[in-house]
Amino acid sequence: MELETFGWDVDGDGIAHAVFDVPGRSMNTLTAKAVADIIAISKEVASNDAIKGLVISSGKPSGFCAGADLGEMNQSAGAGKSSADMSEAELKKAQFDRGFSLNKTLRELETCGKPVAVALNGLALGGGLEVALACHYRVAANDNPKLQFGLPEAKIGLLPGAGGTQRLPRLIGVQAALPLILQGESFNAEKALAMGVVQELAPSSETVDKAKAWVKANPKAQAPWDEKGFKVPGGVVHRSPGAGQVATMSNAMLMAKTYGNYPAQKNILSCIYEGIQVPIDAGLRIETRYFINTQQRPEAKAMIRSLFLSMQELSKGGNRPAGHPKTEFKKIAVVGAGLMGAGIAYVQAKAGIPTVLVDVSKENAEKGKDYSRRLVEKAVSRGKSTQEKGDALLDLITTTDNYDDVKGADLVIEAVFENVELKAKITKMAEAVLDKDAVFGSNTSTLPITGLAEASERPENFIGIHFFSPVERMGLVEIISGEKTSEATLAKAVDYVLAIRKTPIAVNDSRGFYTSRCFGTYTREGMEMLAEGIKPAIIENVGRQSGMPMGPLEVSDSVGLDTALKVTRATAEAAGIDLQTDDRTQFLAWLVEDQERVGRKAGKGFYDYNEKGKPERLWPNLNTQLEVKVDECPPDLKKELTNRFLIRQAVEVARCFEEGVITDARDADIGSILAWGFAPYTGGCCSYIDLMWGIKEFVAEADKLADKYGDRFRPGDLLRDMASKGEGFYDRFPPAGKAEKAAA
């Protein structure tokens, strides 16, 4: 038997040992070759009378298996394509046979008449856990703090397709299994033992021996569901009032949370509900049908590509210019100890980087450091850190009002108010003490970097580094290159973002850059609807149901209506627009300046807020200025409003490509999801156009909206050219390094 991804031996007692060890990878995944090897191992164990049992383990210290190889799976995800040589029935059969192959193999292994055990030394996720669940006995390491178990497929638009939806509920009950599968929750070894997912814990060095001992002692092992009289813990749905109630409540809660936008979760519920009521062999076939149905949805293609593959690539510096040495940061200065500067100082210190926090006074700088002190206290009180680690983190932050303390910094992050003169003053003060190779980064959300760099003696070392609030929780950083920013500076900025364990996207200069510019279209479209007389509650509910994390009016409150008014006026002034005749701006001015409703921070804006800052209700007097003309939302209107919200954002993203503001489809998709919460089920704005619509259909629909509501929806030349050639964004703007694209 020749195996490519497993080691193999049989000891003197006839116990076979298969060691999972995919060559050239730090972590095992279920590649096509690995699945072929599992099929071969299963056949060998079943057919060879000299083999009395099997133990499976991992040859990698990182763990057992991280699940399916999503790079391979992404090739077949998305809308299924028919073949000229196959009828629809033949195509469906071929898809089923391919999808059922691992399920069939694991079931044959489970029923081979010989005991099978698995030794789990580290993480076992997705398909890795499903392989383990098909074994009769599971031993997990109790000395690996990084050990994780889970079925996370739902997080990337899939459902477990190798028995997970059938074995886990049969093992621990429907009620316990549902949240683990629907939400993709992971759990540690102790919880796995308590739930019955594993049967024994042991030190890593002993797990294989423990598994072998169990195999020798249990020659006639069976899975619980193959034993006579087996009953699902807690009962099956159609026979147990308790289990039926769980299914009903889960369905209601799922719809309330996802609004039906995530096919995977809906199919998981159906798969478990139907499969648990029949014998497991029928349940596994049901699972495969739902798996194929889910995998062939465009949402699966989009989520796998963006939320796993692109996220992984960018989190490893996939958009970093090539040919520049990696920067190790020995000291970084943050100027401005307000909310943003304080948060930046904290994440730097948490990453182990010595940080100088500068403000106009030592007292102000210390107040900024208090932010880190509070976060440390919270982490220690919740058991997520120790006092010793917390003290070490705080010791890395030095507070000062003296720019001499900035000397020797590899990077300065300026995080003061959005004021050009103030930022220019700080640029000059910092550069006076910096080494010639040091980088100056401005944390601005809207001011063009090229203009800010005019205050710099070395604009090639000047770059925008845009954080999102709250800094410690938001995983994205937008890096903005000005006209004179060098590639070396961009490379250093990417290195910095990776060093503080966040995901960078790289964009070029414009007012609002990429994220603020595109994000603003969502809130402005909400204002347009409000001005049209659409009832505020309809606007908010449709916004959330479209997949956005908040309604546009609540988002405006969170940003600050005074800030929105200030940005609107500044943008209009720069463009030479007279706002006195703009009803929307006048309404916003009335709300902010006459009614003093500036948003969440004041406890009142479009919403009234409670003492905890939670929205209690839409302000009843909103419509004293704007008459409600639409107070019902039939399905056709809901569909149109949804399209307005999402298409408006996507058209602006396309304009950013057309203007060269962004040049990589991965940056655009990940930025749209992480920065402003663009409907994650779509995979981001580019994938929304490419996969949810198709480029030609998107252009046609955008044109319809433009004819009805205005040229803000009108597709530009880029989209029309792509539509004429049948190109998507990943065709026109492929995931290549910035340097490679520049050369092309």
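Residues numbered from 1 in each chain as written. Predicted model: local features only at pLDDT ≥ 70, side-chain atom pairs only at ≥ 80, totals over all residues. Heavy atoms only, no water.

Can you explain the overall build of the chain? Please cite residues and give values.
Along its length, the chain carries 30 helices and 20 strands. Against the 2.2 N^0.38 benchmark of 27 Å for 744 residues, the chain shows a C-alpha radius of gyration of 28 Å, consistent with a compact globule. With the C-alpha coordinates of the chain rotated into their principal frame, the extents come out at 85 × 60 × 55 Å. Pairs at least 24 residues apart make up 73% of the contacts formed inside the chain by residues separated by at least 6 positions. (Helix = DSSP H or I, 4+ residues; strand = E, 2+ residues; numbered from the N terminus. Rg over C-alpha atoms; globule rule 2.2 N^0.38 Å. Contact = heavy atoms within 4.5 Å.)

Account for the pattern of salt bridges, naming residues and giving values.
As enumerated under the stated definition, the model contains 40 salt bridges in all. Glu652 serves as the salt-bridge partner of Arg655, at 3.2 Å between the closest nitrogen and oxygen. Of this pair, Arg655 and Glu652 both sit in helix 24 (residues 635–658), three residues apart, roughly one helical turn. For the residue pair Arg655 and Glu652, the accessibility class agrees, reading buried in each case. Across the pair Asp721 and Lys725 runs a salt bridge, and its minimum N-O distance is 3.3 Å. You can see Asp721 and its partner Lys725 sitting in helix 28 (residues 717–725), four residues apart, about one turn around the helix. In this structure Asp721 comes out as partly exposed when scored by relative accessible area, which is 28%. Residue classification places Lys725 among the exposed positions, given a relative accessible area of 53%. (Salt bridge = Lys/Arg side-chain N within 4 Å of Asp/Glu carboxyl O. Buried < 20%, exposed > 50% of the residue type's maximum accessible area, 1.4 Å probe, protein only.)

Tell me about the environment of Gly260, and please be specific about residues and values.
Along the polypeptide, Gly260 turns up in the loop between helix 9 (241–258) and helix 10 (263–275). The sequence separation of Gly260 and Ser62 amounts to 198 residues, and the corresponding C-alpha distance is 36 Å.

Could you give me a rundown of the sheet that holds strand 15 (residues 439–442), with the residues and numbers involved?
Taken in spatial order, the eight strands of this open sheet run 13-12-11-14-15-16-17-18, and their pairing is mixed. Of all strands in the sheet, those with a lone pairing partner are strand 13 (397–400) and strand 18 (503–508), marking the two edges. Between one strand axis and the next, the sheet turns by 25 degrees as a mean value, whatever way the strands run. Across three bridges, strand 15 lies against strand 16 (residues 462–466) in parallel orientation. Along strand 16, the bridge assignment pairs Phe440 with Phe462. (Pairing = 2+ DSSP bridges. Axes fitted to C-alpha atoms, helices over the stretch in contact; angles between N-to-C directions.)

I'd like a description of the sheet that holds strand 9 (residues 186–187), backed by residues and values.
Overall, mixed pairing links the four strands, which are arranged 4-6-8-9 in an open sheet. Looking at which strands have only one partner, the edges of the open sheet turn out to be strand 4 (63–65) and strand 9. Note: strand 4 against strand 6 (residues 123–125), two bridges, orientation parallel. Bridged to Cys65 within strand 6 is Ala124.

Which residues make up the environment of Lys60, and what values go with them?
By secondary structure assignment, the location of Lys60 is in the loop between strand 3 (53–58) and strand 4. By relative accessible area, Lys60 is classed as buried at 7%. Beyond its immediate sequence surroundings of up to four residues, Lys60 is in contact with Phe20, Asp21, Val22, Arg25, Ser26, Met27, Asn28 and Asn121. Within the local environment of Lys60, its side chain forms a polar contact with the backbone oxygen of Arg25, the two atoms lying 2.6 Å apart. (Polar contact = N/O pair within 3.5 Å; in protein donor to acceptor, adjacent residues only side chain to side chain.)

A description of the nonpolar core should follow, citing residues and the corresponding values.
One recurring pattern in soluble globular proteins: nonpolar side chains tend to sit buried together. Ranked by size, the top nonpolar core spans 98 residues in total, and within it Tyr514, Phe606 and Phe729 carry the most contacts. For this core, the element with the most residues is helix 24, which contributes eleven residues. Setting aside residues no more than four positions away along its own chain, Phe606 makes contact with Met527, Leu530, Leu553, Ser556, Asp557, Leu561, Phe587, Leu591, Leu618, Trp619 and Leu622. One finds Leu147, Ala162, Ala192 and Ile292 within the second-largest nonpolar core, a separate group that totals 77 residues. (Core = buried A, V, L, I, M, F, W, Y, C linked by side-chain atoms within 4.5 Å.)

An account of the packing of helix 5 (residues 164–172) against helix 11 (residues 280–295) is needed here, citing residue identities and associated values.
Direction vectors running N to C along helix 5 and helix 11 enclose 135 degrees, while the axes themselves pass 8 Å from each other. With respect to helix 11, the axis of helix 5 lies oblique. Contact residues: Gly164, Thr165, Gln166, Arg167 and Arg170 in helix 5; Ile280, Gly283, Leu284 and Glu287 in helix 11. Broken down by class, the residue content of the contact of helix 5 with helix 11 amounts to two nonpolar, four polar and three charged. (Parallel < 35°, antiparallel > 145°, perpendicular 65-115°, else oblique. Nonpolar A, V, L, I, M, F, W, Y, C, P; charged D, E, K, R; others polar.)

How would you sum up the packing of aromatic side chains? Please name residues and give values.
Scanning the model with the defined rule gives 22 aromatic pairs in all. Centre to centre, the rings of Phe96 and Phe100 are 5.2 Å apart; their planes meet at 20 degrees, and the pair counts as stacked. With Phe96 and Phe100 both in helix 3 (residues 88–110) and four residues apart, this pair spans about one turn of that helix. The pair formed by Phe96 and Phe100 is uniform in burial state, with each residue classed as buried. Plain terms: the ring middles of Tyr262 and Tyr681 are 5.6 Å apart, the flat faces sit at 75 degrees to each other, and that makes the pair edge-to-face. With Tyr262 in the loop between helix 9 and helix 10 and Tyr681 in the loop between helix 25 (665–676) and helix 26 (685–693), this residue pair connects regions lying 419 residues apart in the sequence. What makes Tyr262 buried here is its relative accessible area of 19%. (Phe/Tyr/Trp six-rings, centres within 6.5 Å; stacked < 30°, edge-to-face > 60°.)

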